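Understanding the architecture of this molecule
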Amino acid sequence: MISRKLDRKFDRILEREEKGLNSGKTMNRSLRKFLKNRLAIVGVVLFALILLASVFAPLLTSYDPLGVDMSTVLQAPSREHILGTDKIGRDIFSRILYGGRISILVGLGSALGAAFIGVLLGAYAGYKGGKIDKLILRISEIFMSFPQIVLVLLLVTILGQSLTNLLIIFILTGWGSVYRMTRARMLSIREEEYVQALRAFGLNDFLVAYKHMLPNAIGPILVNITLSTAMFILEEAALSFLGLGVPLEIATWGNILNAAQDQSVLLNNWWIWLPVGVVISLFVMAVNFMGDGLRDSTDPTQQG
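Everything quoted here is computed from the prediction, not taken from an experiment. All residue numbers here refer to positions counted from 1 along the written sequence of the relevant chain. Local features in a predicted model are, by the rule used here, given only for residues with pLDDT of at least 70; side-chain atom pairs are given and counted only at 80 or more, and totals for whole chains, interfaces and linings are based on all residues. As a rule here, side-chain values cover all heavy atoms of the structure and leave hydrogens and water aside.

Across its full length, the protein carries 14 helices and 0 strands. The N-to-C order of helical and strand elements in the protein reads α-α-α-α-α-α-α-α-α-α-α-α-α-α. Each residue is placed in one exposure class: buried if its accessible area under a 1.4 Å probe, protein chains only, is under 20% of its type's maximum, exposed if it is over 50%, and partly exposed if it falls in between. Residue burial in the protein is summarised as follows: out of 304 residues, 41% are buried. Whether two residues are in contact is decided by their heavy atoms: any pair within 4.5 Å suffices. Put simply, 71% of the contacts in the protein that link residues at least 6 apart link residues at least 24 apart. For the protein, the computed accessible surface area is about 16300 Å², with 66% contributed by carbon and sulfur atoms. Numbering of helices and strands runs from the N terminus, with a helix taken as a DSSP run of H or I at least four residues long and a strand as a DSSP run of E at least two residues long. The Shrake-Rupley method, run with a 1.4 Å probe, gives the accessible areas here. Residue values count only the displayed protein chains as cover.

Glancing now at the nonpolar core. Judged by nonpolar contacts, the single largest core of 31 residues is most densely connected at Tyr127, Leu166, Phe170, Val208 and Met213. Sorting elements by how many residues they give to this core places helix α5 (residues 92-128) first, with 7 residues. Put simply, a nonpolar core is a bunch of buried Ala, Val, Leu, Ile, Met, Phe, Trp, Tyr and Cys residues held in one set by side-chain atoms that sit within 4.5 Å of each other.

A separate point is the side chain of Arg95. Of note, Arg95 is situated in helix α5. Arg95 has contacts with Pro65, Leu66, Asp86, Arg90, Ala251, Asn255 and Ile256, leaving out every residue within four places of it along the chain.

All axes are obtained by fitting lines to C-alpha atoms, using only the stretch in contact for helices, and the reported angles, taken between N-to-C directions, cover 0 to 180 degrees. Packing of helix α3 (residues 38-55) against α5 leaves a shortest axis separation of 7 Å and a crossing angle of 120 degrees. Our classification of the angle between α3 and α5 gives oblique. Between α3 and α5 the crossing geometry is left-handed. For the pair α3 and α5, the contacting residues are Phe47, Ile50, Leu51, Ala53, Ser54 and Val55 in the first and Leu97, Gly100, Arg101, Ile104 and Leu108 in the second. Only Asp, Glu, Lys and Arg are considered charged in this grouping, and only Ala, Val, Leu, Ile, Met, Phe, Trp, Tyr, Cys and Pro are considered nonpolar; every other residue, Gly among them, is considered polar. Here the contact of α3 with α5 is built from residues that sort into 8 nonpolar, 2 polar and 1 charged. Angle categories are assigned with fixed cut-offs, so that under 35 degrees is roughly parallel, over 145 is roughly antiparallel, 65 to 115 is roughly perpendicular, and the rest are oblique. For any pair of crossing helices, the crossing counts as left-handed if the nearer helix is rotated counterclockwise from the farther one by less than a right angle, and right-handed if it is rotated clockwise.

Stacked, tilted and edge-to-face are the three classes assigned to paired rings of Phe, Tyr and Trp, where Trp is represented by its six-membered ring and a pair needs centres within 6.5 Å; plane angles under 30 degrees give stacked, over 60 edge-to-face, the rest tilted. The final tally for this structure, using the stated rule, is 6 aromatic pairs. Considering the side-chain rings of Phe170 and Phe232, the 4.9 Å spacing of their centres and the 25 degrees angle between planes classify their relative orientation as stacked. Here Phe170 is found in helix α8 (residues 163-189), whereas its partner Phe232 is found in helix α11 (residues 218-241), with 62 residues between them in sequence. Relative accessible area serves as the criterion here: at 1%, Phe232 is assigned to the buried category. Taken together, the aromatic side chains of Phe47, Trp253 and Phe283 make up a single cluster linked through ring pairs.

Rendered as structure tokens:
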């Protein structure tokens, strides 16, 4: 009689677990902890301000970011051009706003794409092991055996300059680190007692790996995503500064810096490089603050 009641109770728990009805409290607790982190909130505000300013750029400026006006070359900040103009008369403020669309897309899109591949492969391979795990591990080692910036430069030279190619290259060169981090976390977690209990309980491998084990490894992965976002934005800026990133006819933060290569511009026309440098720095810091907040709020070992 008692065993029948326990069986029915376990069946109800299993049904609720498969429907996701037991995760609400954990999510609410994580959200409350995130909201208490002041630096994380500052990061969210800065991230939202820069992102929204880029999305709604047409409402904030009337200048074309690609519009050339030789009568306003190298003008200092004024009422007409609040951040001045560059060497061919383009409005810097407009270029920063519109350039943020592409730079954020490259940074965040590449980081999420690399994380999706790395987490998808790393979580299951780390849980199951075997030949699939060994094969994927060797492939990731091939990509990680080269310095990333060297590999990026090589692939850009081979595939050519375009926004699509840059996204593909960043994803191909960036998924290996996320995969290895996810795999390492899953290898350490899969021997825990609760994982053994879930197996005995009858849950399938995908549910155990992605629903129950992965949330306990998500903290370091989120931090990796934020660091990757910042890294890809900086790499795009560096490549564009060298003339190897997004084509120069497209406004990006890196292409704005590309116009400040001359020493005379660096010394005498600070408004060309300083404002965009500040925006890049603020955005990178905002993403890192958000990542730290997400790590602290989702790490089960720090839950109070």
